[in-house]
Structure formats: structure tokens, C-alpha cells
Amino acid sequence: MILAFRKSYLKIFLLLLFVFWSIGIFYNTFIYLFPNLIFFHPFINKCYSLVCHQHNEKLINIFGLPLLVCARCSGIYFGLLISAVVNVFIRNKVLITNKILLLFSLPLIIDVIRNYLKIYDYSIIVAFISGLFFGAVLFFYFYNIILEFLQKYLTEK
Amino acid sequence: MKKYLPSFVCGFGAGVLQVVPVAKTFTCCLIVPAAAFLAIYLEKKASNDEAVIDLKKGAIIGLITGLFAAVFGSFFDLFITFITKNNDMVSAFTDFQNMILNFPLDENLKTEILDLMANVVDEIKTTGFSALYAFSVIINNIVINPIFGIVGGLIGVKVLESKNSNLRM
């Protein structure tokens, strides 16, 4: 019972974490609503530049405003977010093995390699979707690890 | 110190790669998690292949790797900026100006933010150092890298230990 209670807290905590992180990606859009946010733009932009190259041609534009991370990273983070939302509503454990994680990361890896070797031109849609698949599966893989970690160390105390 | 050697080596590597544009383009957000993963692999190799690394230790190794990456990443970023008097903020300033000018914001607000950024860019171009830029780099590195390090550490333990448990079976 206590564990189930903690599980729901963990699910909501992770959801809030990914919502918070994803909101940051739309920072440019939020400047429209709250103009004073513009003063923090360089700082927030630097934060996301640590985790993404932010090449102009690889950014998704919403209403003409670029997101703060590239299409592939956006896909990964939205995949994580979607899974975090789904995770709140499901009770059963979604078991993701290493093989499944590898399988879902293959489109992303292949796309990166093919772009790197210039076999085809960079496509924002392909990059986003391949990231989305990887992010969605990565969430459940990571969630199971966190759960195992907490079960082992917190319930023992 | 020997205890932290894998984290130190991998954190150093991640710190260097974070300021290399080509590496960053290729690996994106995976630099620090990959460094933490490698640190755990090296830790296993250094101790004993049979030794089991638990999640707690993996998280700690990931955290320390992230911290080393933050320290070295900040140092190299600021050092290269100091030497070259140029960085990604300076090169992207024209794009930033265009973006701000296209925002439907109050003209005073636009002027204020552009003046602020122009000061930072000027400081970097003349002295190679800006306190505001340094603050931004250090804080962001110290917050973001350890988090990504912990994620990489936990995933690293899971992947490497499941491989071991498969072998044991």
C-alpha cells in the first residue's frame, strides 16, 4: 500500500519534471505571453544549448518561433513526456528489455548515421519521429530503474 | 583519488567534447550520459569484471562524472572564450538580434535586452570575459550535467548488470 502510494507520487513527480523541461523548450513562444521573460532568454537558451547543438536549420518553428532544441531532441523529450503522461494512467508495469530499447533506438541511430554520411538530406519530420520512438521507450526503461532503485533503498529504511 | 579516476577521466572527456562543435552535433544530449556509462564500464573493469555495481553506486558515479564534466566543460568554455575572444553567443548574436526584432514586443523592452546582450558580446570581444556569460555557463553546467550524469549512470548499471546476469544464467 505504502509502495503504491509512493509509486503514484513518483509518477506525478516525473510527469511534472518532464512537463517543466518541455515547457522550457517552448520558451520563445512563452515570450509572446509574458514579454519580460525575454531577459532570461540568453540564460535559458544556454541551458538547452548544453544538451543540443541548436543548429538553425534543424530547429522546429512554431508560429515562426524556433524551439530551443533540435527536431531529434524535441522528439526524444516529447516521447518522454507522452510516456510520462501515459504512465500516470496505467497500473501495470511496462517491461522494457535492453533488446527492446535497442530496437526502438535503431531508427534514431540509422537516421543519425545516414545524415552524417550525407546519404540523404536532414528531415525534421524523420528526426522528430525517430526521437519520439526512442524517448517513449526510454521513459519506461528509466522509470523501471528508478522504481527498482527506490524499492531497494527507501523501503529498506 | 584513484576511486574517482573513471569519473574524472570520463568527465574530462565529456567536458572537452561539450565544447567541440562537431562532436556536439553528432552526440547532442548523449555526451554526459555516455560519459557516465563509460565511467561505470571502466569502474567495473578496474575493480573486477565479476564485481556487481548496484544502482546506488551507479548513480553516485554518474553524479561525480556529471560534476567533473561541469567543471571541465565550464573551464574549457570560458578558457577558449578568453583565448579566442569568440564563442557561440558572439557568433549567434546577429541571429539573436533578428529574432528579438521580429518579436512583437515593446520597443523599449527590445532595446533593453539588445543593449544587455550587446554589452556581453562587447566584453567578450574586447577582454574575452563576461561575468554574466561566465555565471550562465557555470550555473547551467552545474545543474544540467550532474542530472544527465545520474541518468546515464543508472541506465549504465542496468545495461551492464543485465548483461552480466544473462551471462551468469
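Per chain, residue numbering runs from 1 following the sequence as it is written. Ligands are numbered from 1 and chains lettered from A, in the order in which they are written. In view of the model being predicted, local features appear only for residues whose pLDDT reaches at least 70, and side-chain atom pairs are presented and counted only at 80 or more, with totals across whole chains, interfaces and linings using the full set of residues. To obtain the side-chain values, all non-hydrogen atoms of the structure were included, while hydrogens and water were left out.

**Thoughts on the pattern of salt bridges**
Should a side-chain nitrogen of Lys or Arg be within 4 Å of a carboxyl oxygen of Asp or Glu, the pair is scored as a salt bridge. One pass over the full model with this rule turns up seven salt bridges over all chains. Of the charged contacts in the structure, one is a salt bridge between B:Asp88 and A:Lys46, with a shortest N-O distance of 3.8 Å. One end of the pair, B:Asp88, is in helix α5 (residues 88-91); the other, A:Lys46, is in helix α3 (residues 41-49), on a second chain. Across the pair A:Glu148 and B:Lys158 runs a salt bridge, and its minimum N-O distance is 2.5 Å. Of this pair, A:Glu148 sits in helix α6 (residues 124-153) while B:Lys158 sits in helix α8 (residues 131-168), placing the two residues on different chains. Relative accessible area serves as the criterion here: at 27%, B:Lys158 is assigned to the partly exposed category. Salt bridges sharing common partners tie together A:Lys46, B:Asp77 and B:Asp88. Put simply, DSSP marks the helices as runs of H or I at least four residues long and the strands as runs of E at least two long, and each gets a number from the N terminus on. Each residue is placed in one exposure class: buried if its accessible area under a 1.4 Å probe, protein chains only, is under 20% of its type's maximum, exposed if it is over 50%, and partly exposed if it falls in between.

**Remarks on the interface of chain A and chain B**
Should any heavy atoms of two residues lie within 4.5 Å, those residues are considered in contact. Between chain A and chain B, the contact holds 38 residues from the first and 38 residues from the second. By buried area we mean how much accessible surface two parts lose on assembly, using a 1.4 Å probe and totalling the loss over both. When chain A packs against chain B, close to 3,500 Å² is buried across both sides, 77% of that on carbon and sulfur atoms. When the area that chain A buries against chain B is broken down by residue, the three leading residues are A:Phe39, A:Lys46 and A:Leu50, summing to 18%. Across the chain A-chain B interface, the total number found is three salt bridges.

**Digging into the side chain of A:Ser105**
Residues and elements named next belong to chain A. Residue placement: Ser105 occurs in helix α5 (residues 98-116). Judged by relative accessible area, Ser105 falls into the buried class, the value being 7%. Looking at Ser105, its side chain comes within polar contact range of the main-chain oxygen of Leu102, at 2.8 Å. Under the rule applied, a polar contact is a pair of N or O atoms within 3.5 Å (in protein, one hydrogen donor and one hydrogen acceptor; residues adjacent in sequence only if both atoms are side-chain atoms).

**Things to note about the confidence of the model for chain B**
All names here are of chain B. Note: pLDDT gives the predictor's confidence per residue, expressed from 0 to 100. Per-residue confidence for chain B gives a mean pLDDT of 87; residues scoring 70 or more make up 92%. Mean pLDDT across the elements of chain B ranges from a minimum in helix α2 (residues 21-27), with 70, to a maximum in helix α4 (residues 55-84), with 94. Complex prediction metrics read pTM 0.87 and ipTM 0.85.

**Topic: the packing of aromatic side chains**
Two aromatic rings from Phe, Tyr or Trp, using only the six-membered ring of Trp, form a pair when their centres are within 6.5 Å; if the ring planes differ by under 30 degrees the pair is stacked, by over 60 it is edge-to-face, and anything between is tilted. Evaluation of the coordinates by the stated rule reveals 18 aromatic pairs over all chains. Judged by centre distance (5.6 Å) and plane angle (50°), the ring pair of A:Phe26 and A:Phe78 falls under tilted. One end of the pair, A:Phe26, is in the loop between α1 (2-25) and α2 (27-33); the other, A:Phe78, is in helix α4 (residues 71-89), and 52 residues separate them in sequence. Ring geometry for B:Phe72 against B:Phe76: centres 6.5 Å apart, planes inclined by 25°, an arrangement best described as stacked. Residue B:Phe72 and its partner B:Phe76 are both found in helix α4; the two are separated by four residues, about one turn of the helix. A relative accessible area of 16% places B:Phe72 in the buried class. A relative accessible area of 17% means that B:Phe76 is categorised as buried. Through successive ring pairs, a cluster of aromatic residues spans B:Phe8, B:Phe12, B:Phe68, B:Phe72, B:Phe75, B:Phe76 and B:Phe79. A ring is considered to have a charge above it if a Lys NZ or an Arg CZ atom is located within 6 Å of its centre and within 35 degrees of its normal. A:Lys58 extends its terminal NZ or CZ atom over the ring of A:Tyr122, reaching a point 4.9 Å from the ring centre.

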